[in-house]
Amino acid sequence: DDGESTTSDGGGGGSEFDLVQEGTLTVCSDIPYPPLEFQDPDSPSGYAGFDIELMQNISDNLGLEMAVKDVGFDALQSGTIFASGQCDIGASAMTILEERKENLDFSDPYYDSLQSLLAPVDSGIQSIDDLSGKTVGVQQGTTGQRFAQENLPDDANDPQRFPSDGELWPALQAGNIAAILQDYPPNYVHAQDNPDFEIVQTFETNEQYGFAFPKGEKTQLREAVNEELQALRDDGTYDELYAEYFPE
Ligand code: ARG
């Protein structure tokens, strides 16, 4: 290697990708959302999780540094965070939705998810139908919020919206809400770590996560990310990370 490579496989410092900061992939994510993204003081980026490790591997393979920015999910999924020019890519367990495609472009899908209801074991709540007269917590702007609004019993209270799982989960532990309706992975982690809580119901919503890009911009980056994602599947890295973060 003469150190002068300018090929599209990463030697050019990413100048062809129109990056927020040259040579760095600036990854925006709403943290915490275990096991996809969470703080990790032992990691060089300060964060770990399935999304973060995929982004780190893709950055490495493109010859880029990775920087992680913790942003609000609602502003990420609506695309407004990209308008402020501070993110190259959203890696935030984001479900690919047709309506989100009005403001965002998505990578190929990289994870299949479903909705779930997390409740205290002694609460008597066995299903969504047991939420009559009760208040379920959801994260603002998520598919969980939407699912709750469409599927709660008529006499349930309006779902209480929280900016992130970092407020949602403590609210359940404090007894301020009766249950949490959100994607299976974070609820699974909470139940694993805390035997007083369990997932009482799951819902097959056929959700697929994708990495998000500002609509119509970063096309070359998106193509490169798709290629690298496929390379990580081909060389076994994807499966290793999957087994590490989704051990069940
Ligand atoms: N998959 C859900 C959605 O797209 C929730 C994602 C929340 N992600 C996060 N990092 N907080 O609406």
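How each quantity is defined
- Residues numbered from 1 in each chain as written.
- Predicted model: local features only at pLDDT ≥ 70, side-chain atom pairs only at ≥ 80, totals over all residues.
- Heavy atoms only, no water.
- Domains from an automatic or database assignment.
- Contact = heavy atoms within 4.5 Å.
- Buried area = accessible area lost by both parts, 1.4 Å probe.
- Salt bridge = Lys/Arg side-chain N within 4 Å of Asp/Glu carboxyl O.
- Polar contact = N/O pair within 3.5 Å; in protein donor to acceptor, adjacent residues only side chain to side chain.
- Nonpolar A, V, L, I, M, F, W, Y, C, P; charged D, E, K, R; others polar.
- Buried < 20%, exposed > 50% of the residue type's maximum accessible area, 1.4 Å probe, protein only.
- Helix = DSSP H or I, 4+ residues; strand = E, 2+ residues; numbered from the N terminus.
- Disulfide = S-S within 2.5 Å.

Draft legend 1. Quick look at the domain arrangement of the protein chain. Parsing the protein chain into structural domains produces domain 1 (15-110 + 210-245) and domain 2 (113-207). Taking only C-alpha atoms into account, the centre of domain 1 sits 26 Å from that of domain 2. Each partner contributes to the interface: domain 1 provides 14 residues, whereas domain 2 provides 17 residues. Of the roughly 1200 Å² buried at the junction of domain 1 and domain 2 (both faces included), carbon and sulfur atoms supply 54%. For the domain 1 face of the interface with domain 2, the top three residues by lost area are Tyr33, Pro34 and Thr95, together amounting to 41%. Scanning the region where domain 1 abuts domain 2 turns up one salt bridge. A salt bridge links Arg146 to Glu99; its shortest N-O distance comes to 2.8 Å. Summed over the shared surface of domain 1 and domain 2, the result is six residue pairs in polar contact (both at pLDDT 80 or more). Of the residues contributing to the side of domain 1 that touches domain 2, the split by class is eight nonpolar, two polar and four charged.

Draft legend 2. Region of interest: helix α4 (residues 143-151). For α4, the complete set of buried residues consists of Thr143, Gly144, Gln145, Phe147 and Ala148. Elements in contact with the buried residues of α4: β7 (111-120), β8 (136-139), β9 (160-162), β10 (179-183) and β11 (197-209).

Draft legend 3. Main features of the state of the cysteines. Here the structure, examined in full by the defined rule, presents one disulfide. Across the disulfide, Cys28 is cross-linked to Cys87 (sulfur-sulfur distance 2.0 Å). Negative torsions about the S-S bond denote left-handed disulfides, and the value of about -85° found for Cys28 with Cys87 makes this one left-handed. Remark: Cys87 occurs in the loop between α3 (80-83) and β5 (89-90) and Cys28 occurs in strand β1 (residues 24-29); sequence separation between them is 59 residues. There is no split in this pair, since Cys28 and Cys87 are both buried.

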